[in-house]
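Listed below are the residues making up each chain.
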Amino acid sequence: AARAALPSIALGNFSWDWVYAHLAPREPALALAAERCRESYGRAERLLRLPFRCDASAFREVVDLPLVARRPAVSRAEARRRLALDDRPLLLVSFGGVGLPGLQASAFAPLRDYQVVFTGVGASGPAPPHLRKLADAEVKARGLGYPDLVGAADVVLTKPGYGIVTDCIGAGVRLVYTDRGDFPEYPVMVAEMPRYLPAVFASNDDVRGGRLAPALQEVMAMPFPPPPRTDGAAEAAVRLLARL
């Protein structure tokens, strides 16, 4: 954009120069990637920065926005009806395309009072009767999007990142989160999440070992904090239109 003499405006809660610089002591090749990213970001006109804010020193100008968060398009009851889910509490397990290595479906056998739904990479081994794998195509075939699936749940089990956490915030759904490894956004998310939704930690070992009941009991008893602003997309659009 800079070479074409066009303005460029960034949007996000973190930038990759910050991530690569954090990882460079372990992967030295990323030091150059961090430097190149930082140089490129410095040519942007400004950053529209989202909550769960991480280092943004690469940018010349930073404007803070409210949350950009997706919301379900249908009610919880309607989403459950379309997915043929019953009235029991629903635990949605969402680890994306990476999954949680070593996770066995049998780990969820003790949660007989819950319906357990998997998306993305599932768990290995035979599944207990209350566990169900939902492919993206099946959700779409029922006229639903991923935010509707999140909205059908009572609790989401995940590794926290901006997308899944804000989906939970937008849907008013509780969160049980587990370790994400050495990724610098993780401690920022952990520190900020309680401002937005009930969130309880369960270690990778507890998840793999089927010891989720205490975390679920705790998070289900927690009240929701006051709802935050989630009109960041509209505010970003207004600023982009004004720039145009």
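Provided above is the structure to which this section pertains.
Here the structure is a predicted model, which means the values were calculated and not measured. (Residues numbered from 1 in each chain as written. Predicted model: local features only at pLDDT ≥ 70, side-chain atom pairs only at ≥ 80, totals over all residues. Heavy atoms only, no water.)

Bringing the pattern of salt bridges into the picture now. The full count for this structure, using the stated rule, is 23 salt bridges. For the salt bridge of Asp64 with Arg53, the shortest nitrogen-to-oxygen distance reads 3.4 Å. Of this pair, Asp64 sits in strand E3 (residues 62–64) while Arg53 sits in the loop between strand E2 (46–49) and E3, and the two are 11 residues apart along the sequence. For Arg53, a relative accessible area of 40% gives the class partly exposed. For Arg81, the salt bridge identified is with Glu78, shortest N-O distance 2.7 Å. A residue pair is termed a helical-turn pair when its members lie 3 or 4 positions apart in one helix, as Arg81 and Glu78 do in helix H3 (residues 76–82) at three residues. (Salt bridge = Lys/Arg side-chain N within 4 Å of Asp/Glu carboxyl O. Helix = DSSP H or I, 4+ residues; strand = E, 2+ residues; numbered from the N terminus. Buried < 20%, exposed > 50% of the residue type's maximum accessible area, 1.4 Å probe, protein only.)

Here we take up the packing of helix H1 (residues 16–23) against helix H2 (residues 30–41). Relative orientation of the contacting elements H1 and H2 amounts to 160°, with a least axis distance of 8 Å. Relative to H2, H1 is oriented roughly antiparallel. For H1 against H2, the interelement crossing comes out left-handed. In this structure, H1 uses Trp16, Asp17, Tyr20, Ala21 and Leu23 to contact H2, whose residues at the interface are Leu30, Ala33, Ala34, Cys37, Arg38 and Tyr41. Within the contact of H1 with H2, the residues separate by chemical class into nine nonpolar, no polar and two charged. (Axes fitted to C-alpha atoms, helices over the stretch in contact; angles between N-to-C directions. Parallel < 35°, antiparallel > 145°, perpendicular 65-115°, else oblique. Left-handed = near helix turned anticlockwise from the far one by under 90°. Contact = heavy atoms within 4.5 Å. Nonpolar A, V, L, I, M, F, W, Y, C, P; charged D, E, K, R; others polar.)

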